[in-house]
Amino acid sequence: MDKHPSQTPNSTGPRTTDTTESPPAQAPKGPLEQEASRVAGRDQAQRQAALLRLSAELAAAVDEDEVCQRVVKGLYESLGYDNVALDLVDEIAGERVAAANAGYLQVPFVTHLLPGQGLSARPLEDGKLHYTPDVSTDPRYVPGLGGAEVDVPVFIDGKVLGVLVVESRQPSAFNQDDFEILTAAAQQAGLAIEKARLLAAERGQSQRQAALLRLSADLAAAVDEPEVCHCVVNGLHETLGYDNVALDIVDETTGNRVNAATVGFRDAPTVTRLAPGEGLSARPLEDGKLHYTPDVTKDPRFIPGLGGAEVDVPVRIGGEVLGVMVVESQQPYAFNKEDFEILTAASQQAGLAIEKARLLAAERQRANELDALSTTMADVTAELDLSVLLQAIVERAAELLNAAYGDLGLYDEATQEIEVAVSHNLDQGYIGTRHRLGEGAMGYVAETCAPLIIEDYQTWERRAPQYTGLKAHSTLAAPLMVSKRLVGVIAISDVDPTQHFGPADLHLLNLFAQQAAIAIENARLLASERQRADEL
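What you are looking at is a predicted structure, and each value in this text was computed from that prediction instead of being measured. (Residues numbered from 1 in each chain as written. Predicted model: local features only at pLDDT ≥ 70, side-chain atom pairs only at ≥ 80, totals over all residues. Heavy atoms only, no water.)

Trainee: Any chance you could explain the sheet that holds strand 10 (residues 291-293) here in plain terms?
Mentor: Within a sheet, neighbouring strands are paired by backbone hydrogen bonds and run either parallel or antiparallel to one another. Overall, antiparallel pairing links the 6 strands, which are arranged 9-8-7-12-11-10 in an open sheet. Each end of this open sheet is capped by a strand with a single partner; those strands are strand 9 (273-274) and strand 10. As judged from the 3 bridges shared by strand 10 and strand 11 (residues 309-317), these two strands associate in the antiparallel manner. Bridge assignment links His291 to a residue of strand 11, and that residue is Asp312. (Pairing = 2+ DSSP bridges. Helix = DSSP H or I, 4+ residues; strand = E, 2+ residues; numbered from the N terminus.)

So, in structure tokens, the structure goes:
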């Protein structure tokens, strides 16, 4: 094979044409020239046969991966090139990813290259074939085999989205004939990859639409939020084959992300709770956008686990980003735009289904609470003795809201203080304790005449000094009002620091307090009438 180390890939040398004189007669070829011509002819025929075989092989390939493998195998085996690789551009990350390679038995094979890195970046910059007769003289060379290298652009759908890299151990090993056959092979590869991608896109689109329809049907049949979450992760894992899928929901009280459902993660630890800002999946909560990490090991926010690639998609519930759908692959650079579209659509369906499930759960809870409240108040109001009634009220309130402690104070209009009249599960020493307006939870509610929720009484800056030794955490307090007149205050607390009362709990206690205040007023009136009757 003739070598042309000083000739650029696309140059053919100066050529002139004389139109006035006949070309000079050529001397007969000698035996050596005749043999060289026969060898060149055989080489040309061999190349043409190799291209025909490659064309037939690519026509039979069923997907992009098989196309890439057949390209490098054909050039490596049929034409005897030392090393052949086909790198494709990850359009999202911008990196070149090795799609297939042959040879490279004695050198490290680089699977990912950053934009501008290495000799093979040049065709992506100008769309031209580049020949390096001696790679050791070029500063952009990524150390490896040494020798010579040809880098050929691969056009896919009109854009340079790949590079065919062919190497030889020997410097100056390639010539114009090599450039021609490699250019033709790159053209065939680009067309075959484009066709494979179109077919894959059509199949994928049909598969994704069918998967979304099934997911929509499953979500419509789900009866509660946990079932919705499991439908989402199972649907994406089983129908579309994603390796690991998790759905994390924000605990609005603590801000932590709590795992609601997961599938996969067989070889990696499953993290069930993440603090705000922790891990890759915190990003969608910060900006409401989908985030793709092609190689999680390169990101410092990655929590060590499976490795590979990760997509984190925001889940909007009631107009707010209150969840994240986490999808992982064991392989780096495993996701593309089509995945982003299906995962975005799935997260939208999940958010709507969770919102619907929460609304239904809230309605059921409200109905149950009203039923429990009605039953409780029927029992309480049947009691006419004031002291017994007050004890029943505080005990039923704690029972209704599953609280550990409770106490009830009556308002003394003369001193403008709240005096604790009864308690539940508290030391008897607290009975008779007085709170000035604004002092402690009871005094604050008496002053504002508004219900109050305290996340942790131990750290609350207004806590009463009388309750310093009480191990109370989440606390609710509500005023006992008749019309606009303050009768007293009821408060309940829990000892478990992980349990937190929410707005719905406060609403229920406030409803209970309204009915309890009327019952207290009626008992007082009855006691007053009895006293008057006794005096007569």
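Now, onward.
Trainee: Would you explain helix 9 (residues 440-448) in this entry?
Mentor: Note on helix geometry: an α-helix contains 3.6 residues per turn, so any two residues three or four positions apart are oriented the same way. Of the residues making up helix 9, those classed as buried are Gly440, Ala441, Met442, Gly443, Val445 and Ala446. Looking at the buried positions of helix 9, the neighbouring elements they touch are strand 13 (405-412), strand 14 (417-424), strand 15 (434-436), strand 16 (452-454), strand 17 (475-482) and strand 18 (485-493). Looking one or two residues beyond helix 9, the residue adopting positive phi is Cys449, at roughly 55°. (Buried < 20%, exposed > 50% of the residue type's maximum accessible area, 1.4 Å probe, protein only. Contact = heavy atoms within 4.5 Å.)

Trainee: Looking at this structure, how should I read the layout of surface pockets?
Mentor: One simple way to see leftover space: roll a probe sized like a water molecule over the atoms. Roughly 1,700 Å³ of internal volume is contained in the largest pocket. What lines the largest pocket is a set of 43 residues, among which Glu64, Arg197, Ala334, Asn336 and Glu338 lie closest to the centre. Those elements giving two or more residues to the lining of the largest pocket turn out to be helix 2 (64-79), strand 1 (83-89), strand 2 (96-102), strand 6 (159-168), helix 4 (176-221), strand 12 (320-329) and helix 7 (337-381). Looking at side-chain class alone, the lining of the largest pocket contains 19 nonpolar, 8 polar and 16 charged residues. Estimated volume of the second largest pocket: approximately 810 Å³. Those elements giving two or more residues to the lining of the second largest pocket turn out to be strand 7 (244-250), helix 7, strand 16 and helix 10 (503-535). Tallying contributions element by element places helix 7 first for the lining of the second largest pocket, with 5 residues. (1 Å grid on protein atoms, 1.4 Å probe; cavity = no way out; pocket = protein on both sides within 12 Å on 5 of 7 lines; lining within 4 Å. Points joined across faces, edges and corners; volume = space filled by probe spheres on them. Nonpolar A, V, L, I, M, F, W, Y, C, P; charged D, E, K, R; others polar.)

Trainee: Help me understand the side chain of Asp151, please; the structure alone is not making it clear to me.
Mentor: Among the structural elements, Asp151 can be located in strand 5 (residues 148-156). Only 3.2 Å separates the side chain of Asp151 from the side chain of Arg122, close enough to count as a polar contact. Asp151 has contacts with Leu119, Ser120, Arg122, Pro123, Lys128, Leu129, His130, Val163, Leu164 and Val165, leaving out every residue within four places of it along the chain. (Polar contact = N/O pair within 3.5 Å; in protein donor to acceptor, adjacent residues only side chain to side chain.)

Trainee: Could you clarify how one ought to interpret the environment of Ala173 in this entry?
Mentor: Locating Ala173 in the fold gives a position in the loop between strand 6 and helix 4. Given the relative accessible area of 7%, Ala173 is considered buried. Once the C-alpha coordinates of Ala173 and Asp134 are considered, the two residues, 39 residues apart in sequence, prove to be 9.1 Å apart.

Trainee: Which parts of the structure should I look at to understand unusual backbone geometry?
Mentor: Backbone geometry follows two general trends: most residues other than glycine have a negative phi, and most peptide bonds adopt the trans configuration. Phi at Tyr333 is positive, roughly 55°, even though this residue is not glycine. Relative to the helices and strands, Tyr333 is located in the loop between strand 12 and helix 7. In the Ramachandran plot, Gln416 falls in the positive-phi region, its phi being about 55° despite a non-glycine side chain.

Trainee: Looking at this structure, how should I read the environment of Ile418?
Mentor: In this fold, Ile418 is placed in strand 14. Judged by relative accessible area, which is 0%, Ile418 ranks as buried. Residues Ile418 and Met442, spaced 24 residues apart in sequence, show a C-alpha to C-alpha distance of 7.1 Å. Aside from chain neighbours lying at most four places away, what touches Ile418 is Gly409, Leu410, Tyr411, Thr433, Arg434, His435, Met442, Ala446, Leu486, Gly488 and Val489.

Trainee: Which parts of the structure should I look at to understand the pairing of strand 17?
Mentor: Looking along a regular strand, one sees side chains alternate from face to face of the sheet. With 8 of 8 residues buried, strand 17 is to be regarded as a mostly interior element. Across 3 bridges, the pairing between strand 16 and strand 17 is antiparallel. Note that in strand 17 the partner of Ile454 across the bridge is Thr475. As judged from the 8 bridges shared by strand 17 and strand 18, these two strands associate in the antiparallel manner. In the sheet register, Leu476 faces strand 18, and the bridge partner there is Ile492.

Bear in mind that shape data such as this cannot, by itself, settle questions of function.
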